Amino acid sequence: MPLLVGLSLCAPAQADPGYYLVRPYAAAGKTSLDLRYWTVQAPGEPAVLWPELGLRHGFNERWTSELLLSWIGPSWQAQKLSSLNWMNQWLLTGADSNFDLALHSQLIHNRGRHSGTALEIGPSWQGDWGLHRLNFNLLLEHDWTRRDGSQLKLQWQWSRPVQPGLRLGLQGFGELGRWNHWLPADQQSHRAGPVLHWVPEGQRSLSLNLAYLWGRTYGQRGDMFSAQLLLDF
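Here the structure is a predicted model, which means the values were calculated and not measured.

J.: How do you make sense of the overall build of the protein chain when you look at a structure like this?
T.: When helices and strands are tallied, the protein chain shows one helix and 14 strands. Across the 233 residues that make up the protein chain, the buried fraction comes to 45%. Counting contacts in the protein chain only where the partners sit at least 6 residues apart, residues at least 24 apart contribute 49% of the total. Taken as a whole, the protein chain presents about 11700 Å² of accessible surface, with 63% of it coming from carbon and sulfur.

Here's what the structure looks like:
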């Protein structure tokens, strides 16, 4: 299981790769349960699983904060707590803007033999053109346990509605290397694939995101599946 061994060695020493899309949002006074599940699978190998549990709250019209626990393991019976995460988002645009812009940050405390702390920070942008919705995020990650400096991470998505409450599209992630020295193209990690976003008609307290991406993860071939269920209460 080379992929699991590689992930076990590198995951505690650095933040996990971008695996869900950061979206600009404001949720004043709203508390949400954030249930996540994602996997990475190399050809011919079993998948590595990451179940996650978070609690999100909107403190005002600009600031939303979340605490998230992340586990890792080769099966549901062999899970270990991987990281503690504190995420914050500050919405920078107002209601009269024709696009949304936010500042995203995520403080990650990795656990395990090579425990340490990392910070991910950067702008998150979303705009609509007719039925088309575009998302673009450029995030800087710095891990204090590494010597190679900050890493630049890219997220993008295109989607459009196919019926009320249901959007389909394409999503992509990439790790480009150091912010001031990008890796050669053959050493970068990129993956892309279809994405589904569903909000039941007449039920705004629940939303579901599903994506399946093909490409390179942690510098090697590995398909990725991600799911996120948000429940407001």
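J.: Would you mind showing me how to read the packing of aromatic side chains here?
T.: We describe a pair of aromatic rings using the distance from one ring centre to the other and the angle between the two ring planes. Considering all chains together, one arrives at seven aromatic pairs under this definition. Geometrically, the ring pair formed by tryptophan 38 and tryptophan 50 is stacked, given 4.0 Å between the ring centres and 10 degrees between the ring planes. In this pair, tryptophan 38 sits in strand β1 (residues 31–41) while tryptophan 50 sits in strand β2 (residues 48–58), placing the two residues twelve residues apart along the sequence. In textbook terms, an aromatic cluster arises when at least three aromatic residues are bridged by ring pairs, as seen for Tyr37, Trp76 and Phe225.

J.: Got a minute to help me understand the pattern of salt bridges in this structure?
T.: Two side chains with opposite charge may pair up if their charged atoms get near one another. Enumeration over the complete set of coordinates arrives at ten salt bridges. Measuring nitrogen to oxygen at the nearest pair gives 2.8 Å for the salt bridge that ties arginine 133 to aspartate 128. For arginine 133, a relative accessible area of 24% translates into the label partly exposed. Among the ionic pairs, aspartate 223 bridges to arginine 221, the shortest N-O distance being 2.4 Å. What makes aspartate 223 buried here is its relative accessible area of 16%. Overlapping salt bridges, with partners in common, bring together Asp34, Arg36, Arg56 and Glu66 in one network.

J.: Sorry, what's going on with the pairing of strand β7 (residues 132–143) here?
T.: Here is the key point about a regular strand: its side chains alternate between the two faces of the sheet. The pairing of strand β6 (residues 116–129) with β7 spans ten bridges and is classified as antiparallel. Along β7, the bridge assignment pairs alanine 118 with aspartate 143. Once β6 ends, the chain turns through two residues before running back antiparallel as β7, passing glycine 130 with a positive phi of about 60 degrees. One ladder, built from nine bridges, connects β7 with strand β8 (residues 151–163); its direction is antiparallel. Looking across to β8, one finds that leucine 139 is bridged to lysine 153.

J.: For this particular structure, what's the right way to read the nonpolar core?
T.: Most often, soluble globular proteins keep nonpolar side chains buried together rather than apart. Within the largest apolar cluster, 17 residues are counted, with the highest numbers of intra-cluster contacts made by Tyr19, Tyr20, Trp38, Val40, Trp50, Leu213 and Met224. At the level of elements, β1, β2, β3 (63–72) and β12 (206–217) are the ones that each hand at least two residues to this core.

J.: In this structure, what is going on with the environment of tyrosine 20? I would like to understand it.
T.: Examined against the element boundaries, tyrosine 20 turns out to sit in the loop between α1 (2–10) and β1. Distance in space between the C-alpha atoms of tyrosine 20 and glutamine 228 is 8.0 Å, their sequence separation being 208 residues. The residues contacting tyrosine 20, other than those within four sequence positions of it, are Arg36, Met87, His104, Gln106, Gln155, Phe173 and Gln228. Side-chain polar atoms of tyrosine 20 contact the side chain of arginine 36, separated by 3.4 Å.

J.: Any chance you could explain the pairing of strand β11 (residues 189–198) here in plain terms?
T.: Relative to β11, strand β9 (residues 166–178) is paired through ten bridges, and the arrangement is antiparallel. Paired with glutamate 175 across the two strands is serine 189, which belongs to β11. Two elements, β11 and β12, share six bridges in a ladder whose sense is antiparallel. Looking across to β12, one finds that arginine 191 is bridged to glycine 215.

J.: Looking at this structure, I do not really get a nonpolar patch on the surface. What am I missing?
T.: A cluster of nonpolar side chains, namely Trp129, Leu134, Phe136, Leu138, Trp156, Trp158 and Leu170, defines an oily patch on the protein surface of about 640 Å² accessible area. When contributions to the nonpolar patch are tallied by element, the ones reaching two or more residues are β7 and β8. Here the nonpolar patch takes three residues from β7, the largest share from any one element. Turning to its location among the elements, leucine 134 is positioned in strand β7.

What counts, and at which threshold
- Residues numbered from 1 in each chain as written.
- Predicted model: local features only at pLDDT ≥ 70, side-chain atom pairs only at ≥ 80, totals over all residues.
- Heavy atoms only, no water.
- Helix = DSSP H or I, 4+ residues; strand = E, 2+ residues; numbered from the N terminus.
- Buried < 20%, exposed > 50% of the residue type's maximum accessible area, 1.4 Å probe, protein only.
- Contact = heavy atoms within 4.5 Å.
- Areas by Shrake-Rupley, 256 points an atom, 1.4 Å probe, with all protein chains shown as cover.
- Phe/Tyr/Trp six-rings, centres within 6.5 Å; stacked < 30°, edge-to-face > 60°.
- Salt bridge = Lys/Arg side-chain N within 4 Å of Asp/Glu carboxyl O.
- Pairing = 2+ DSSP bridges.
- Core = buried A, V, L, I, M, F, W, Y, C linked by side-chain atoms within 4.5 Å.
- Polar contact = N/O pair within 3.5 Å; in protein donor to acceptor, adjacent residues only side chain to side chain.
- Patch = residues over 30% accessible without salt bridge, like charges linked within 9 Å, V, L, I, M, F, W, Y side chains within 5 Å.

What is shown is where atoms sit, not what they do.
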